[in-house]
Amino acid sequence: MILKNINHDCGYHTQKIATMFFPLEKITDGGNSDIEVITAKDENTITVSARVYSKERTLSAVLQSDDTAHELSLLMFNVLSDITGFEPPWGILYGVRPARLMHATVQKLGVDGARQRFASDLVKPQKTELALEVMQRENRIIELSKPDSFSLYVSIPFCPTRCSYCSFVSHSIEAAAQFIEPYVDLLCTELEATAKAAKALSLRLETVYFGGGTPTTLSAEQLARIMNTIADNFDLSTLREYTVEAGRPDTVTPEKLQAIRTLGADRVSINPQTFNDEVRRKIGRRHTTEQTLAAFDMARNAGFDNINMDFIAGLADETLQSFQSGIGKAIALGAESVTVHNLALKSAAYLVTENEFFDLTAKNTASAMVDFAYGKLTQNGYAPYYMYRQSKSLGNLENVGYAKEGKECLYNIFMMDETHTVLAAGAGAVTKLRGASYNNIERVYNLKYPYEYIDRFDDILARKQRIYDFYGNI
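Below is a summary of the structure that appears in this document. What you see is a predicted model, and the numbers here were worked out from it, not measured in a lab.

With that settled, the discussion passes to the packing of helix 6 (residues 220–233) against helix 7 (residues 254–262). When two helices pack together, their arrangement is captured by the angle between the axes and the distance separating the axes. For the pair helix 6 and helix 7, interaxial distance at closest approach is 9 Å and the crossing angle is 10 degrees. Between helix 6 and helix 7, the crossing angle belongs to the class labelled roughly parallel. The residues of helix 7 that touch helix 6, namely those facing A220, L223 and M227, are E255, K256, A259 and I260. Class assignment for the residues of the contact of helix 6 with helix 7 results in five nonpolar, no polar and two charged.

In terms of nonpolar packing, the biggest core is built from 96 residues, with F210, I226 and I230 touching the most fellow members. Within the second largest apolar cluster, 26 residues are counted, among which are M1, F77, F86 and I92.

Within the secondary structure, T421 is located in strand 15 (residues 421–425). Of note is the side chain of T421, whose polar atom sits 2.9 Å from the backbone nitrogen of R434. Residue contacts for T421: discarding those within four places in its chain leaves S149, F150, S151, K432, L433, R434 and Y471.

Below, the discussion takes up the sheet that holds strand 1 (residues 2–6). An order of 1-2-3-4 is seen for the four strands of this open sheet, with the pairing classed as mixed. Since the sheet does not close on itself, it has two edges, and those belong to strand 1 and strand 4 (55–62), each with one partner. Strand-to-strand twist in this sheet, taken as the mean axis angle between neighbours without regard to direction, amounts to 5 degrees. Pairing analysis gives eight bridges linking strand 3 (residues 45–52) to strand 4, with the strands arranged antiparallel. In the strand pairing of strand 4, V52 is matched with K55. Across the sheet, helix 1 (residues 11–21) lies against strand 1 and strand 2 (35–42), angled at about 150 degrees from strand 1, the strand it touches most. Contacts from helix 2 (residues 68–84) reach strand 1, strand 2, strand 3 and strand 4, with the element oriented near 30 degrees to strand 3.

Here the focus is the pattern of salt bridges. Under the definition given, this model contains 28 salt bridges. Two residues, R240 and E206, come together in a salt bridge whose shortest N-O distance is 2.6 Å. Taken as a pair, R240 in the loop between helix 6 and strand 9 (241–245) and E206 in strand 8 (residues 204–212) lie far apart in primary sequence, 34 residues in all. On the basis of relative accessibility, which here comes to 33%, the residue R240 falls in the partly exposed class. R300 is the salt-bridge partner of E336, the closest N and O atoms lying 2.8 Å from each other. Highlighted residues: E336 in the loop between helix 10 (320–333) and strand 12 (337–342) and R300 in helix 9 (residues 289–301), separated in sequence by 36 residues.

Counted by the stated rule, this structure contains zero disulfides. Distance from the sulfur of C409, which forms no disulfide, to the nearest cysteine sulfur (C159) is 18 Å. The exposure class of C409 is buried, given its relative accessible area of 0%.

Our next topic: the packing of helix 1 against helix 2. Viewed as axis vectors pointing N to C, helix 1 and helix 2 meet at an angle of 20 degrees, and their least axial separation amounts to 9 Å. With respect to helix 2, the element helix 1 is oriented roughly parallel. Once helix 1 is placed against helix 2, the crossing between them reads as right-handed. Across the interface between the two elements, H13, T14, I17, A18 and F21 of helix 1 pack against A69, L72, S73, M76, F77, L80, S81 and T84 of helix 2.

To continue, consider the environment of L223. Turning to its location among the elements, L223 is positioned in helix 6. What makes L223 buried here is its relative accessible area of 0%. Those residues in contact with L223, other than ones at most four positions away along the chain, are P215, T216, L218, K256 and I260.

Attention now goes to the pairing of strand 16 (residues 430–434). Along any regular strand the residues' side chains alternate between the sheet's two faces. The element strand 16 is largely enclosed, with a buried count of four among its five residues. As consecutive antiparallel partners, strand 16 and strand 17 (residues 441–445) are separated by six residues.

Turning to unusual backbone geometry, a few remarks are in order. The step from G212 to G213 runs through a cis peptide bond, and the omega angle for that step is 10 degrees. Checked against the element boundaries, G213 lands in the loop between strand 8 and helix 6. In this model, S202 sits at a positive phi of 55 degrees, which is unusual for a non-glycine residue. Mapped onto the fold, S202 is located in the loop between helix 5 (173–200) and strand 8. For S202, a relative accessible area of 53% puts it in the exposed group. Residues other than glycine seldom take positive phi values, yet Q273 does so here, at roughly 65 degrees. For Q273, the location among the structural elements is in the loop between strand 10 (267–269) and helix 8 (277–282). Accessibility expressed as a relative area gives 8% for Q273, which makes it buried.

Applying the stated criterion to the full structure yields 18 aromatic pairs. The interplanar angle of 65 degrees and the centroid separation of 5.6 Å between the aromatic rings of F21 and F77 together place this pair among those described as edge-to-face. Taken together, the residues F21 in helix 1 and F77 in helix 2 connect sequence positions 56 residues apart. As far as burial versus exposure is concerned, F21 and F77 are alike and both buried. Residues F158 and Y183 carry aromatic rings whose centres are separated by 5.3 Å and whose planes lie at 90 degrees to one another, so their mutual orientation is edge-to-face. Placement of the pair is F158 in strand 6 (residues 158–159) and Y183 in helix 5, with a sequence separation of 25 residues. Ring-pair connections join several aromatic residues into one group, and the members of that group are F158, Y183, Y453 and F457. For the cation-ring pair, R261 lies above F304, with the distance from its terminal atom to the ring centre recorded as 5.6 Å.

The rules behind each value
Residues numbered from 1 in each chain as written. Predicted model: local features only at pLDDT ≥ 70, side-chain atom pairs only at ≥ 80, totals over all residues. Heavy atoms only, no water. Axes fitted to C-alpha atoms, helices over the stretch in contact; angles between N-to-C directions. Helix = DSSP H or I, 4+ residues; strand = E, 2+ residues; numbered from the N terminus. Parallel < 35°, antiparallel > 145°, perpendicular 65-115°, else oblique. Contact = heavy atoms within 4.5 Å. Nonpolar A, V, L, I, M, F, W, Y, C, P; charged D, E, K, R; others polar. Core = buried A, V, L, I, M, F, W, Y, C linked by side-chain atoms within 4.5 Å. Buried < 20%, exposed > 50% of the residue type's maximum accessible area, 1.4 Å probe, protein only. Polar contact = N/O pair within 3.5 Å; in protein donor to acceptor, adjacent residues only side chain to side chain. Pairing = 2+ DSSP bridges. Salt bridge = Lys/Arg side-chain N within 4 Å of Asp/Glu carboxyl O. Disulfide = S-S within 2.5 Å. Left-handed = near helix turned anticlockwise from the far one by under 90°. Phe/Tyr/Trp six-rings, centres within 6.5 Å; stacked < 30°, edge-to-face > 60°. Lys NZ or Arg CZ within 6 Å of the ring centre and 35° of its normal.

This is a description of form; function is not addressed.
This is the structure in structure tokens:
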């Protein structure tokens, strides 16, 4: 699409608004396109003109304040809502962390003032209340963190197959089997170096999280080797939570679950994404509903009393009724937490590049799914405790974690809020070093791909020095 900004410096904001409505369009300032938006300022008047295929709209307004960016965003939002028939429920807000924004707004204006501010940003009332609810629960968990706290993230970037909606750095076993054993060896070495830094800096470990990829793609022996390395090198006496994602039920065995439970994990994810076998087959997940139910039972039998299940709202060919049935099954199983993701629109993902189904019907269906999940889960003893948004998502909706009381995933909150340092190990892992404030954060990126990680492992170890340097400078 073409986006032209005339006589103002609000291009960052107008681009964010454009992305809400046209998330897969490459934005340029010239050329030919079926979509063109022109924003302009002339003294104290702002104008937005838009052409989307055969439809055209133009609105002008007199500036009421010196906040041109805010007023221009509102005007552009109204023009594009009118021309497309779509009103993003979060209004002109484009941040990843609405609960953090709500916290800052409440501190400044109070709860009623925060509601009014969100309303002035065209946020739907139910989303404002959701942000308040999540903020309150997040704050209770954030208070558990100490100035010297940190979490440990362990990246296992392998999966049985690559899901069609996925844009994470993960590799199918067929393509990457030869890398797994050397990867595990080097990951253990990196964990030892990470533990050395944590010990030297007297950091306090709060949570451990194995993600990926699918950690249970590894064998029971490989998982045990990594977890034993953690137990032998880190002080686990202050640990509040230990999560291992077993997201693909077709990777779950009693031996793996028993190994990770025995070695300290107290929380696990068994992720169906959908209980519709036909939809699941189309997105590239080979497991069946029966395998999901069996994996859940295995986790219970292994002693896990904190099991999460993930769902995705907006998958291709998933009906509202099918989605509702899936949420009902998770509740009936007694999952302690349920995370509802909104389908992310990633240009590198198969569904996006090969299947054009993101019309208004799909957005409305995804919205109905998200609303249903909130109502059904909260009626059955689950509360929203964790939320984030992605700029390119179906219907510009949110991802929400729901949990029974005391079963919230602490790592999710600490990581998303950037509450404290997260030391990360493995390919594609990102260490976040947190100082005394949100403004004092430094990121240390590991190499993305397993073959890079293995071939350039000396670089991985050399980057650990930045942990020492950061804490030496705060």
